[in-house]
Every structure is written in C-alpha cells, then in structure tokens.
Amino acid sequence: MVSDHKTFDTLIIGAGPVGLVAAIGFARAGHQVALVAPPSTPNGFGRTVALMKSSIDYLAELGLWDAIQPNTAPLARMTLIDDTGSLFRPPPAMFNASEINLPAFGYNIEVEHLVRILESAVTAQSGIIRLTDTVEAISVDSRSATVTLSDRSSLNGLLVVGADGRKSKVRSAVGITAKEWNYAQSALTTVLDHTRDHHDTSTEFHTREGPFTLVPLPGKRSSLVWLASPARAQMLHALDERSLSTRIEAQSQSLLGKVRISGQRGLVPMAGLSVSVITRHRAALVGEAAHAFPPIGAQGLNLGMRDVRDLVRSTANASDHGSADVLANYQRKRSRDIATRTRAVDTLNRSLLSPLLPVDFARGFGLLAISTVKPLRKFVMRQGLGA
Ligand SMILES: Cc1cc2nc3c(=O)[nH]c(=O)nc-3n(C[C@H](O)[C@H](O)[C@H](O)COP(=O)(O)OP(=O)(O)OC[C@H]3O[C@@H](n4cnc5c(N)ncnc54)[C@H](O)[C@@H]3O)c2cc1C
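Described in the following lines is the structure provided in the data block. (Residues numbered from 1 in each chain as written. Predicted model: local features only at pLDDT ≥ 70, side-chain atom pairs only at ≥ 80, totals over all residues. Heavy atoms only, no water.)

Moving on: unusual backbone geometry. With a phi angle near 55 degrees, Gln253 is a residue other than glycine that sits in the positive phi range. Mapped onto the secondary structure, Gln253 falls in the loop between α7 (241–251) and β18 (259–261). Positive phi values are uncommon outside glycine, yet Ser254 reaches one of about 55 degrees. Of note, Ser254 is situated in the loop between α7 and β18. According to the relative accessible area criterion, Ser254 is partly exposed, its value standing at 32%. (Helix = DSSP H or I, 4+ residues; strand = E, 2+ residues; numbered from the N terminus. Buried < 20%, exposed > 50% of the residue type's maximum accessible area, 1.4 Å probe, protein only.)

What follows is the structure, given as structure tokens:
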C-alpha cells in the first residue's frame, strides 16, 4: 500500500500498450509518473498488432524499438481481395512498400510479446512507480487531479492520463460522454502455422460479413482476424481444431497451404466509440479510452501511439502541464487524425456489410482507383502509415 496522498507529476491509468508507452514517454520527458492498472494478463487470445511507421518512429525515439523488432514480421506487401460476390468486383489491389521507398509498411507482433517487452521497459525506467491496483475514483480541481485506488490510498498529480480502454473511468469521472455503437460482427482471432511462405504479405479478403485478414508473423506463421456475423463467429470459435483449420484454408483459398491453429482463440464483438473532446479538467484521454473501431487497416493502436506522442510533446516545458491551455493544444493536434480514421474505418466496414448496388459500385470503383491511379495509390499507402 502506498502512503496516503502520494504526489507525482503525471498519473497514468491503464497499462495496455498505450498506457505503458505513455508512462515511458512521460518519464523520459523528466516526469515523476505513477502507472496504475492491474497486472497484464499473459493470454493474448491469438491477437497481434501491426505497428506502422508513425508508431515505430516514436518507439525508436523512446529507445524501445530495438527490443521489439526481433519479435516482429515485416509487412512488405498488402493485398486486398474483394470476395463479396458483388457485380462490381474489382481485381485484387496489391501494394508494395518499395513503391513509397520503404522496406515495409509496418511490423506485426503478438500483443502478449509487445506488452511483456513494454512492461520490462517500464520496470527498467527510472521515474515510474508501477502500481497494480484498480482505480476506484478520480476527482479534479483547478490545481490538481486525485486518484483513489482500490486499497483506499490516493495519488495526486497535475495531469491524469486516461489510458484505461473502452470503459474508461477517467473519461466518465471528468464527464466526457462517449458515443458508442455496435456492428453486427464479431472477430475471431488466432495464430496459424502454415506450409507455404507468406512472403511478408498481408492479405485482406473483403467478404459480405467483413474482412478475413491474414497478417505475417516470424517464420511460417500468421495471425488471423476473421470478422463474421456474431452467430457465425461464435460457431467458428467453437469448432474443433481440424474443422476450423479446414474452414480457414477454404476461406483463404489455400493461399498459405495447409494451416494448423497454433495460438489461443479470441472472440471480440465489434463496436465503435467516439468522444467529442479528449481533454477536460486536468484529464487527457489516449488510446481506446478516446476512440475505438473495428480492426481494419491496422489503425487502432497506431492512432493511440500518436495520441501519446502528441500529448507528451504538447506538455513539454510547460510549467503546469495539466493546465487548460496545454490540454487545448493536445486536443487541437489530435482531433483531425482521430475523426478521419474513425470515419474511414466505419465507412469501409459498413460498405462491406451493405447489400446495396450503389454502395458496392462506390467501393469497387474506389478500390479500382486506388489500384490504378499512381498518385492516389501513394497517397493511400502513406495515409495507412499514419502520415
Ligand atoms: C482483433 C483485433 C486486431 C487488432 N489489430 C490491430 C492492428 O493490427 N494494429 C493496430 O494499430 N491496432 C489493432 N487493434 C486495436 C488495438 O488492439 C487497440 O487499439 C489497443 O490494444 C488499445 O490499447 P489501449 O492500451 O488503449 O487499451 P487496452 O489494451 O484495453 O488497455 C486498457 C488498460 O486499462 C486498464 N484499466 C481499465 N480500467 C481500469 C481501472 N479502473 N483502473 C486501473 N486500470 C484500468 C486495463 O487493465 C488495461 O491495462 C486490433 C484490435 C482487435 C480487437
């Protein structure tokens, strides 16, 4: 138990990948940081994240990338295949990172490895106290923020950072209302061994129930994110290993040869979340506390990392880094990026689910244009990286 009213510069609530990077970012900027969240669970439910250039640059700036990279596989190519059966089905769209002079669009890593590496970095970093309690209450006044923990002790700081995920207590404590919505989809996630090489290529099959995505991992391994109707995803999740492998092979048109399930399985209902402001009264939201959408185009965590980067930069050299002016600057920097990504993912996902011909046409035409119009291709590729 910590002593009553221990004082820090910055209180970070949540130790998912976003909160862990935030703690290191603020500590490197010279803050005394309290990082509060229950211990990370080792089970990653077969989930991976593709880290794009904006995240990699920031992780490298914090000296974290060298420990992460050996656990990743590069995404040198991406293929999008329209498997909706639409009348306006365009040919597969293929993108090569070399077209924009990069060795890879991003690097894919199992979430449990990423969190383990970041937790070790937090332990090694001076200036961070890692507390494994749950936050029970948060109060703010003009001078400071106070967080009460499950052991009834409390912490004080000039700024409280809500990295506490979709059900953020920080968000509700400062009165920021979230707009939430559901999609008629769940994601089945797992990790596969396969007999053919993935050639560092990520492949997205766009089906009527959502994307079926294979993302390379080191060796002949890939992660699977299969968006389907909740009933079908539940049915697939419950299949024995052999039957599920057969379904995956069929859905992927045997692209990777024979597949074997080699990771845990996860089942995630698809939902979206947005807020009209990401700061209020000495509180700033980052990551899924501020925005959430389906895993299409590997955008969610990359957006969260940019939140952290911009928050740490906005607060640099401020005499009171939780003041309204500093937080308004952070809000200004992030609004457009968050709104654009949330809208783009939502629109693409809904266009897949729509049976309407004009919507099919627009999506098919869009994909064809991206495939064939060179400047548009490059623009879209750079946007995907978080440029
Ligand atoms: C299937 C799938 C695939 C994805 N693939 C990608 C991808 O390829 N690329 C990408 O960029 N993104 C991807 N995403 C999105 C990405 O996983 C999320 O954006 C990211 O994990 C969110 O991290 P976070 O740290 O914001 O939240 P979380 O990981 O949810 O962490 C929240 C933290 O807050 C803590 N917490 C909650 N309440 C309290 C409390 N009261 N007190 C203390 N602690 C609390 C929790 O214990 C946890 O530590 C994917 C998502 C899914 C579902």
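There's more to say after this.
So, about the sheet that holds strand β5 (residues 73–75). One open sheet accounts for three strands, arranged β4-β8-β5; its pairing is antiparallel. Strands at the two margins of the open sheet, each flanked by one partner only, are β4 (48–52) and β5. If you compare each strand with its neighbour and ignore which way they point, the axes differ by 35 degrees on average. With three bridges joining them, β5 and strand β8 (residues 106–110) adopt antiparallel strand pairing. (Pairing = 2+ DSSP bridges. Axes fitted to C-alpha atoms, helices over the stretch in contact; angles between N-to-C directions.)

With that settled, the discussion passes to the packing of aromatic side chains. The full count for this structure, using the stated rule, is three aromatic pairs. Between the aromatic rings of Phe205 and Phe212, the centroid separation amounts to 5.8 Å while the plane-to-plane angle is 70 degrees, which identifies the pairing as edge-to-face. The exposure class assigned to Phe205 is buried, which follows from its relative accessible area of 1%. In this structure Phe212 comes out as buried when scored by relative accessible area, which is 0%. Taking the centre distance of 4.9 Å and the plane angle of 85 degrees together, the rings of Phe212 and Trp226 count as edge-to-face. One end of the pair, Phe212, is in strand β16 (residues 210–217); the other, Trp226, is in strand β17 (residues 221–228), with 14 residues separating them in the sequence. With respect to class, Phe212 is no different from Trp226; both count as buried. (Phe/Tyr/Trp six-rings, centres within 6.5 Å; stacked < 30°, edge-to-face > 60°.)

Attention now goes to the site of the ligand. Around the ligand, the structure places 28 residues, and the nearest of them are Arg47, Ala50, Val135, Leu301 and Asn302. Within the backbone of Val135, a nitrogen or oxygen atom sits 2.9 Å from a nitrogen atom of the ligand. Asn302 places a side-chain nitrogen or oxygen 2.9 Å from an oxygen atom of the ligand. Here the ligand has 1000 Å² of accessible area as a free molecule, and 82% of this is covered by the chains. (Near = heavy atom within 4 Å. Polar contact = N/O pair within 3.5 Å; in protein donor to acceptor, adjacent residues only side chain to side chain. Areas by Shrake-Rupley, 256 points an atom, 1.4 Å probe, with all protein chains shown as cover.)

With mixed pairing, six strands are arranged side by side in an open sheet as β9-β3-β2-β13-β21-β20. Either end of the sheet is taken by a strand with one partner, and the two such strands are β9 (128–131) and β20 (279–280). In the sheet, strand β13 (residues 159–162) pairs with strand β21 (residues 283–285) via three bridges, with the strands oriented parallel. Paired with Val161 across the two strands is Ala284, which belongs to β21. Packing of helix α1 (residues 17–28) onto the sheet brings it into contact with β2 (10–13), β3 (33–36), β9 and β13, and relative to β3 it is tilted by some 170 degrees. (Contact = heavy atoms within 4.5 Å.)

We now examine the pattern of salt bridges. Applying the stated rule across the entire model yields 16 salt bridges. The partner of Arg313 in a salt bridge is Glu61, with the nearest N and O atoms 2.8 Å apart. One end of the pair, Arg313, is in helix α8 (residues 300–315); the other, Glu61, is in helix α2 (residues 53–61), and 252 residues separate them in sequence. Note that Arg306 is salt-bridged to Asp337, the shortest N-O span being 2.7 Å. Of this pair, Arg306 sits in helix α8 while Asp337 is found in helix α9 (residues 324–353), placing the two residues 31 residues apart along the sequence. (Salt bridge = Lys/Arg side-chain N within 4 Å of Asp/Glu carboxyl O.)

Let us look at the environment of Met305. Its place among the elements puts Met305 in helix α8. For the pair Met305 and Ala22, spaced 283 residues apart in sequence, the C-alpha to C-alpha distance is 8.2 Å. Among all residues touching Met305, those that are not within four sequence positions of it are Val21, Leu51, Ser55, Tyr58 and Leu59.

Turning our attention to the pairing of β17. Across the eight residues that make up β17, a large majority, seven, are buried. Both strand β14 (residues 178–194) and β17 contribute to a ladder of eight bridges, which runs antiparallel. Bridging across to β17, Ser186 finds its partner in Ala228.

A separate point is the packing of α2 against α8. Close contact between α2 and α8 brings their axes to 9 Å; oriented N to C, the two are set at 45 degrees. As summarised for this structure, α2 and α8 are arranged oblique, according to the angle between their axes. For the pair α2 and α8, the crossing hand works out as left-handed. For the pair α2 and α8, contact is made by Ser54, Ser55, Tyr58, Leu59 and Glu61 and by Asn302, Met305, Arg306, Val308, Arg309, Val312 and Arg313, respectively. Along the lines of polarity and charge, the residues of the contact of α2 with α8 split into five nonpolar, three polar and four charged. (Parallel < 35°, antiparallel > 145°, perpendicular 65-115°, else oblique. Left-handed = near helix turned anticlockwise from the far one by under 90°. Nonpolar A, V, L, I, M, F, W, Y, C, P; charged D, E, K, R; others polar.)

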